[in-house]
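If you want the building blocks of each chain, they are given just below.
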There are 2 protein chains.
Amino acid sequence: MEQQNILIIGAGLCGSLLALRLGQRGYNVTVYEMRPDLRKTDISAGRSINLAFSDRGNKAIKLVGIEDKVKELCIPMNGRMLHDKEGNTFLSNYSGREYEYINSISRGGLNALLLDEAEKHENVAIHFNKKCLSVDFEKTTALFQDYHTKEEFVEDADCIIATDGAGSALRQSYFLEKKFLFSFSQQWLTHGYKELSILPNDDGSYKTYKNALHIWPRGDFMVIALPNLDGSFTVTLFLSYDEGDYNFNNLTTSEIVTEFFEKEFPDALTLMPNLVEDFFENPTAPLGTVKCSPWHYKGNTLLMGDSAHAIVPFYGQGMNASFEDVVVFDEVLGQHEGDWGKVFSEYNKIRKKDTDAIADLAIDNFHEMKDHVANPIFQEKRKIEMALEKEFPEDYSSKYSLVTFNEHIGYREAMIRGRAQDKAILNMLSDGVISTEDDINDILDKVKTETEAILEDDRIAGL
Amino acid sequence: MEQQNILIIGAGLCGSLLALRLGQRGYNVTVYEMRPDLRKTDISAGRSINLAFSDRGNKAIKLVGIEDKVKELCIPMNGRMLHDKEGNTFLSNYSGREYEYINSISRGGLNALLLDEAEKHENVAIHFNKKCLSVDFEKTTALFQDYHTKEEFVEDADCIIATDGAGSALRQSYFLEKKFLFSFSQQWLTHGYKELSILPNDDGSYKTYKNALHIWPRGDFMVIALPNLDGSFTVTLFLSYDEGDYNFNNLTTSEIVTEFFEKEFPDALTLMPNLVEDFFENPTAPLGTVKCSPWHYKGNTLLMGDSAHAIVPFYGQGMNASFEDVVVFDEVLGQHEGDWGKVFSEYNKIRKKDTDAIADLAIDNFHEMKDHVANPIFQEKRKIEMALEKEFPEDYSSKYSLVTFNEHIGYREAMIRGRAQDKAILNMLSDGVISTEDDINDILDKVKTETEAILEDDRIAGL
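These figures come from a predicted structure and were not determined experimentally.

Visitor: What am I meant to see in the overall build of chain A here?
Guide: A tally of helices and strands in chain A yields 14 helices and 19 strands. Taken against the 2.2 N^0.38 rule, which gives 23 Å for 463 residues, the C-alpha radius of gyration of chain A at 23 Å falls within 12% of a compact globule. Taken over the C-alpha atoms alone, chain A extends approximately 65 × 55 × 40 Å along its principal axes. Burial status across chain A gives 56% buried among its 463 residues.

Written out as C-alpha cells, the structure is:
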C-alpha cells in the first residue's frame, strides 16, 4: 500500500497524541495548529491550566509507550477534600480501593511532551500559527491562514482528521454547508467559570493538602482547586451568570468579591491574598456541551476529541475521553486499515454512544459536586459505597469508579449500571431497607438485587 | 398606553393565529410572509397537506372565538386503524371515553380561515412574498426581501415575534451572531418521509374507513393515512434513508417501489393505483427536532411555534403545540402587559419545559407507532388502558390521553405521569402481577400504587 497522507487540524492534546500514534503506524502526518508552539511561548491564558488525568487517558498513553514520562507530570489526588463554610475539611476518597486515584496534570506540560514525542518521527510534521478557516469535505482539502503573513493556502490529503476543539472549523463546515443531514447541539450551562490561584508558600511548599481535589460545595455554586507541581493550586470558581445573591454579573467591585469570599469561602480566602487581582484579570468563560452526528463525511474527513464531543469539566473526563477516542480509533484502524470510509463509519458507530454518555454524566456531576456532596443521604450512599469497594474490591464499583477506573467498559455501560446502583442505594436508604449500620454482606446482596431489578424494569419499559 | 407596533414574521398557522389574537387585543400588527397568499395560489407542495387537530389546539381556537368555523373543517378520527401484512384491520380507539377523539384537518383550509379572521381587524395587515433575511435583535429591526422585485427593505417595530417555522431567520440570527449564549440543537431521524395519496372513488366516497388514522406498522418503517374532506386520504411513508432491505436510497425504480408495496402493504397498494407516479413526483423530506434557549432577546424579539421548537409529527401535536403557545403567551401578556421584557422571559420560563417534553414524546411515539402497536405486551397494555378509561372516565387517563385530551395540564406533567404509568403497567404485565383477565378495580388500584412508587423512586434518586 502506498504511504497515505493524513492531515490533522489542531495540535492540542488529542491532535498531538493522534499524530504520535499515526506516526508510529507509519503514516505521513502533517499537523496544522492555529496557536504558536506552546513549548516556546506562554499561551495558557483562557484555558484550564491543569486537568484530571485517569485510567482511560492512561490507556492511550500506554498505547503510545510513554507511561513513565507522563507519570512524572502527575500529582495523585486520592479523593475530594470537602471544605464547609466554617473551614472544616473532610476527605472523601474516590474509591474504596487504595490503588485507585486520579491525577492532576499540567495541560501545557503534557501537550509539550506529546509534541516532542510526535516530532521524533520523521514522518510527522507539525506547523504552528496556521489557522483552519474551513474544510471542503467533498474534495478533502482544508483552507488555512498564516497568523503572521495572513496568507491563505489550501492543503490536500488522503484524509483529514479535525482535532480542533469545541470551536472546530470542520464541524462548522459540516453545519453551514447543509450538504447532508447533520445533527448538532450546543448546550450552555447557566453557570460560567473563572480561574484563580493559590500560590505556593515562600519555600515552595503547598499551602493546603496536596493530594486531593479540593471542593467548596455551596449548593448553587462552588470553588474547586487542583495542585500543580510548582506548589501552587489552580482554583476555579463555578458560578451563575445572573442568578442568586452573588453572580458573575454583579461581582463587579473588589469589595463585593471579597465580601462574597469572606461569607462563603473564608478558609479559601486566607489562602488567596491575590484573589481580587486574579478575579479581575482572568476572563469569565462559559461551560458548554457539544454533541453532533455524523462525525465523518465518507472516508474523507473525521471529527475527533472535543470537536466531536465537547463536555463540561465536572467528571474530570474531557481529556480522558479524547485520549480514549484515539485508542478506539486505533483498534478500528487495525481492523479496517486501507478503507477510510469503513474506518470512520465503524469508529463513529462504536464510539458515539460512549461520548454521549460521558457528556450527560459530566452534567450530572455538576449537580453532585456543587450540591449532593454536602447532602446527608448522598453522604450515606457514599459511605456505603466506599465500604463496599473496600470489602469487595472485585465485586463492587460505584458509578464514579465505573466511569473513572473501569476503562475496560465503555462510558455508556458505566452510566447505565452506575445510575441504577445510585437509584437502588438512595431508595433503599430512604425506605429504611438498608442503613450504614447493616452487615456489609447483606448490603451488597440487596444493592445487587435491587440494581438488577431496576435495570430489568427499565428494559421491559423500553427505556 | 400608546398603541404598540408588533411585527410578526411568518403567516403560517401559528403566525396567523397570533396576528388574530393580538389584533383582537388592539395591537397594531404587521405580518410578513415569504410565500404567496395561499388563498390565491396552490402552494401545498412539500408540506403536509393535512394535520391532526386536537384539544390543545382547540383551546386556542376557542380563545379567538372561531370554534364553529374550525369544526366545519374537521374530520373526526376515533382511533388508529391498524393494517397487518395480510390486509386484516383492527381499530384501536384513542381513548376509552367516547367523546375523546382527534381530527384530521386541512392545513391550507385552516390557515386560510385564520388569515381571513385576522384581516377582519383593521389594525392587522398581512403582506405576502416578503422573505425575512435576518433580524437585528439589538435594534428590533428585520431585513426583508420582496420575492418579485428582489428589493430589500428594513422594518422596525416595538417588538418582533418570529413564527417563521423550523428554518427561522430570527433563530439563525441568534445562532450566527454569537452575542449571547444561545443553546441550540437540531436532531435528524434516520428516517425521512414521502407523501402519497389514496384518491376518492368516482362517486367522491372514501375508499377505506373514513374516521380513523390508518397505520401500516412494519417495525422499522410504516405508512399512515389521514382523511381529507374531498374523499381522499393523504398517505405518508416513513422509511429509513439507507438502512434495511428497502430504503429511500434504493427505491429508485417503478419495479422496486411496486415490489416493496406488494410485499409490505398489499391492501394499501390496491387503494393506490397512482402510487408510482406519486412516489417519483413527490419529494422525500427529512424529519427533524429543533430545540433552543433562550427564545427571546430582552423585550425586543421572540421565537414562537416551530421556530422555537420544531418536532417530529408522530404525536400529532406540532400544530397543537404551536397553538397552545399562543394561549400561554396570551395569559402571560394579560399579566404583564406593557413590559415586553417581562412578558417574553416569563413566557419562555413557563413554556419551554412543555415544548421540550412534547418533542421527546413525539420521538417516543415514532417507535411506538411503527413498532410497539404491533407488539403483544404493548397491545395488552393498550387493552387494559382502554378498559380503565372506559370504566373510570374521571379517574384514569393513558399517556396518550394525558398528552392529547388533558389540555389543562402541561406536556411535561403529561410526559412524567404517562411514562410512569406505562412503566408500571408493562412491568406488572411482564411479572404477572396483573393480567387482562383481572378485576378492573383491582387493576386500577395496582396501577395507581405502582405509578406513585415509580414517581417517588425517581424523585428520591433526583431524576
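Visitor: Help me out: how do you make sense of the packing of aromatic side chains in this one?
Guide: When we look at a pair of aromatic rings, we describe it by the centre distance and by the angle of the planes. The final tally for this structure, using the stated rule, is 69 aromatic pairs over all chains. On the numbers, 4.7 Å between centres and 15 degrees between planes, the contact of tyrosine 94 of chain A with tyrosine 400 of chain A is stacked. Separated by 306 residues along the polypeptide, tyrosine 94 of chain A in the loop between strand 6 (89-93) and strand 7 (102-106) and tyrosine 400 of chain A in helix 12 (residues 399-404) bring together distant segments of the chain. Judged on exposure class, the residue tyrosine 94 of chain A and its partner tyrosine 400 of chain A are both buried. Judged by centre distance (6.0 Å) and plane angle (80 degrees), the rings of phenylalanine 221 of chain B and phenylalanine 265 of chain B are edge-to-face. One end of the pair, phenylalanine 221 of chain B, is in the loop between strand 14 (213-217) and strand 15 (222-227); the other, phenylalanine 265 of chain B, is in the loop between helix 6 (254-264) and helix 7 (266-271), with 44 residues separating them in the sequence. Taking relative accessible area as the criterion, phenylalanine 221 of chain B reaches 12% and is therefore assigned buried. When its relative accessible area of 0% is taken as the criterion, phenylalanine 265 of chain B is described as buried. Taking the ring centre of tyrosine 411 of chain A as reference, the NZ or CZ of arginine 56 of chain A above it sits at 4.4 Å.

Visitor: What is the right way to read the sheet that holds strand 4 (residues 75-77) of chain A from this model?
Guide: Strand pairing within a sheet occurs via backbone hydrogen bonds; the two strands may be parallel or antiparallel. Residue and element names in this part refer to chain A. The strand order across the open sheet formed by three strands is 3-7-4, and the pairing between neighbours is antiparallel. One side of each edge strand has no neighbouring strand; the edge strands of this open sheet are strand 3 (50-53) and strand 4. Taken over all neighbouring pairs, the strand axes of this sheet differ in orientation by 35 degrees on average, direction set aside. Where strand 4 meets strand 7, three bridges bridge the pair, whose relative direction is antiparallel. By the bridge assignment for strand 7, isoleucine 75 is matched with serine 104.

Visitor: Can you walk me through the relation of the copies chain A and chain B in this structure?
Guide: Between the two copies of the chain lies a rotation about an axis combined with a shift along it. Each copy of the sequence occupies a distinct position, and chain A is placed on chain B by a rotation of 180 degrees and an axial shift of 0.0 Å, giving an RMSD of 0.0 Å. Taken together, the rotation and translation describe the operation of a two-fold axis. Considering only C-alpha atoms, the residue of chain A closest to the rotation axis is serine 185 of chain A, which sits at 2.0 Å. Here 100% of the contact residues of chain A are again contact residues in chain B; the copies associate through an equivalent surface.

Visitor: Quick question: what am I supposed to make of the nonpolar core here?
Guide: The biggest cluster of nonpolar side chains holds 142 residues, and the ones touching the most others in it are Leu22, Phe323 and Phe329 of chain A together with Leu22, Phe323 and Phe329 of chain B. When near neighbours in sequence (up to four residues on either side) are disregarded, phenylalanine 329 of chain A contacts Leu18, Leu22, Ile161, Leu302, Met304, Trp340, Val343, Phe344 and Tyr347 of chain A.

Visitor: Help me understand unusual backbone geometry, please; the structure alone is not making it clear to me.
Guide: A negative phi angle characterises most non-glycine residues, just as the trans form characterises most peptide bonds. All names here are of chain A. Look at the link from serine 293 to proline 294: it is a cis peptide, with omega at -5 degrees. Along the chain, proline 294 falls in the loop between strand 17 (284-293) and strand 18 (296-297). You will see that threonine 140, though not glycine, has its phi angle at about 55 degrees, which is positive. Note that threonine 140 resides in the loop between strand 9 (130-136) and strand 10 (141-146).

Visitor: For this particular structure, what's the right way to read the interface of chain A and chain B?
Guide: Accessible area lost on assembly of the parts is the figure often given for the size of an interface. Counting from both sides, the interface comprises 22 residues of chain A and, opposite them, 22 residues of chain B. Interface area, chain A with chain B, both sides summed: about 2200 Å², of which 60% is carbon and sulfur. If you sort the residues of chain A by the area they bury against chain B, Leu181, Lys423 and Ile460 of chain A come out on top, with a joint share of 26%. Put simply, chain A and chain B have two salt bridges between them. Its salt-bridge partner being aspartate 458 of chain A, residue lysine 423 of chain B comes within 2.5 Å of it at the nearest N-O pair.

Visitor: Can you help me understand helix 9 (residues 318-336) of chain B in this one?
Guide: Helical periodicity: at 3.6 residues per turn, an α-helix aligns residues three or four positions apart in one direction. All names here are of chain B. Compared with an ideal rise of 1.5 Å per residue, which puts 19 residues at 27 Å, helix 9 spans 27 Å between its outermost C-alpha atoms and is within 8% of the ideal. Among the 19 residues of helix 9, 14 are classified as buried, and the element is accordingly described as predominantly covered. Looking one or two residues beyond helix 9, the residue adopting positive phi is glycine 338, at roughly 105 degrees.

Visitor: Please clarify how helix 13 (residues 411-430) of chain B should be interpreted in this entry.
Guide: Residues and elements named next belong to chain B. In this model, helix 13 (20 residues) spans 28 Å end to end at C-alpha, consistent with the 28 Å of a helix rising 1.5 Å per residue. Counting buried residues along helix 13, 14 of its 20 residues qualify, which places the element largely inside the surrounding structure. Glycine 432 sits one or two residues past helix 13 and shows a positive phi near 75 degrees.

Visitor: Before we go on, may I ask you to explain the confidence of the model for chain A in this structure?
Guide: Atomic detail in the predicted coordinates should be set aside for any region of low pLDDT. A residue-level look at chain A finds 98% of positions with pLDDT of 70 or above and a mean pLDDT of 95. Among the scores for the predicted complex, ipTM is 0.92 and pTM is 0.94.

Visitor: How should the packing of helix 1 (residues 13-24) of chain A against helix 9 (residues 318-336) of chain A be read in this particular structure?
Guide: The axes of two packed helices give the description: the angle between them and the distance between them. All names here are of chain A. Between helix 1 and helix 9, the least distance of the axes is 9 Å, while the angle of their chain directions is 25 degrees. If you check the angle between helix 1 and helix 9, you find them roughly parallel. In terms of crossing hand, the pair formed by helix 1 and helix 9 is right-handed. Residues Leu13, Cys14, Leu17, Leu18, Arg21 and Leu22 of helix 1 touch helix 9, and the partners they reach there are Met319, Ser322, Phe323, Val326, Phe329, Asp330 and Leu333.

Visitor: So what exactly am I meant to see when it comes to the sheet that holds strand 9 of chain A here?
Guide: Residues and elements named next belong to chain A. Across the sheet, which stays open at both edges, the three strands sit in the order 9-10-11 with antiparallel pairing between neighbours. Both outer strands of the open sheet, strand 9 and strand 11 (152-156), are each paired with one neighbouring strand and no more. For this sheet, the mean angle separating the axes of adjacent strands, direction not counted, is 30 degrees.

Visitor: Honestly, the pattern of salt bridges in this entry has me stumped. Any pointers?
Guide: Close approach of charged atoms lets side chains of opposite charge pair. If you walk through the whole model with that rule in mind, you get 68 salt bridges over all chains. With a closest N to O distance of 3.9 Å, aspartate 364 of chain B and lysine 399 of chain B form a salt bridge. With aspartate 364 of chain B in helix 10 (residues 340-370) and lysine 399 of chain B in helix 12 (residues 399-404), the pair connects residues that are 35 residues apart, well separated along the chain. Here aspartate 364 of chain B falls in the partly exposed class, since its relative accessible area comes to 27%. Connected via shared salt-bridge partners are Asp364, Lys381, Glu385, Lys399, Arg419 and Asp422 of chain A.

Visitor: What am I meant to see in the pairing of strand 8 (residues 124-127) of chain A here?
Guide: Where a strand is regular, its side chains alternate between the two sheet faces. All names here are of chain A. Of the two faces of strand 8, the one lined by Val124 and Ile126 is fully buried and the one lined by Ala125 and His127 carries no buried residue. In terms of strand pairing, strand 2 (residues 28-32) meets strand 8 through four bridges, oriented parallel. Looking at the pairing, threonine 30 lines up with alanine 125 of strand 8.

Visitor: I'm lost on the packing of helix 11 (residues 376-391) of chain B against helix 14 (residues 440-460) of chain B in this one. Help?
Guide: All names here are of chain B. Their axes nearest at 10 Å, the elements helix 11 and helix 14 cross at an angle of 105 degrees. On the basis of the axis angle, helix 11 is roughly perpendicular to helix 14. Residues Ile384, Ala387, Leu388 and Glu391 of helix 11 form the contact with helix 14, whose own contacting residues are Ile440, Ile443, Leu444 and Val447. Its residues placed into classes, the contact of helix 11 with helix 14 shows seven nonpolar, no polar and one charged.

Visitor: It is not clear to me how the domain arrangement of chain A should be interpreted in this structure. Could you clarify?
Guide: All names here are of chain A. For chain A, the assigned domains are domain 1 (5-72 + 105-186 + 289-366), domain 2 (187-286) and domain 3 (375-461). The gap between the C-alpha centroids of domain 1 and domain 3 is 34 Å. Residue-level contacts link 17 residues of domain 1 with 14 residues of domain 3. Interface area for domain 1 against domain 3, summed over the two sides, is near 1400 Å², with a carbon-plus-sulfur share of 55%. When the area that domain 1 buries against domain 3 is broken down by residue, the three leading residues are Asp55, Arg56 and Tyr315, summing to 41%. At the junction of domain 1 with domain 3, the criterion picks out two salt bridges.

Parameters at a glance
Residues numbered from 1 in each chain as written. Chains lettered and ligands numbered in written order. Predicted model: local features only at pLDDT ≥ 70, side-chain atom pairs only at ≥ 80, totals over all residues. Heavy atoms only, no water. Helix = DSSP H or I, 4+ residues; strand = E, 2+ residues; numbered from the N terminus. Rg over C-alpha atoms; globule rule 2.2 N^0.38 Å. Buried < 20%, exposed > 50% of the residue type's maximum accessible area, 1.4 Å probe, protein only. Phe/Tyr/Trp six-rings, centres within 6.5 Å; stacked < 30°, edge-to-face > 60°. Lys NZ or Arg CZ within 6 Å of the ring centre and 35° of its normal. Pairing = 2+ DSSP bridges. Axes fitted to C-alpha atoms, helices over the stretch in contact; angles between N-to-C directions. Least-squares fit on C-alpha atoms with pLDDT ≥ 70 in both. Contact = heavy atoms within 4.5 Å. Core = buried A, V, L, I, M, F, W, Y, C linked by side-chain atoms within 4.5 Å. Buried area = accessible area lost by both parts, 1.4 Å probe. Salt bridge = Lys/Arg side-chain N within 4 Å of Asp/Glu carboxyl O. Expected span 1.5 Å × (residues − 1). pLDDT = per-residue confidence, 0-100. Parallel < 35°, antiparallel > 145°, perpendicular 65-115°, else oblique. Left-handed = near helix turned anticlockwise from the far one by under 90°. Nonpolar A, V, L, I, M, F, W, Y, C, P; charged D, E, K, R; others polar. Domains from an automatic or database assignment.

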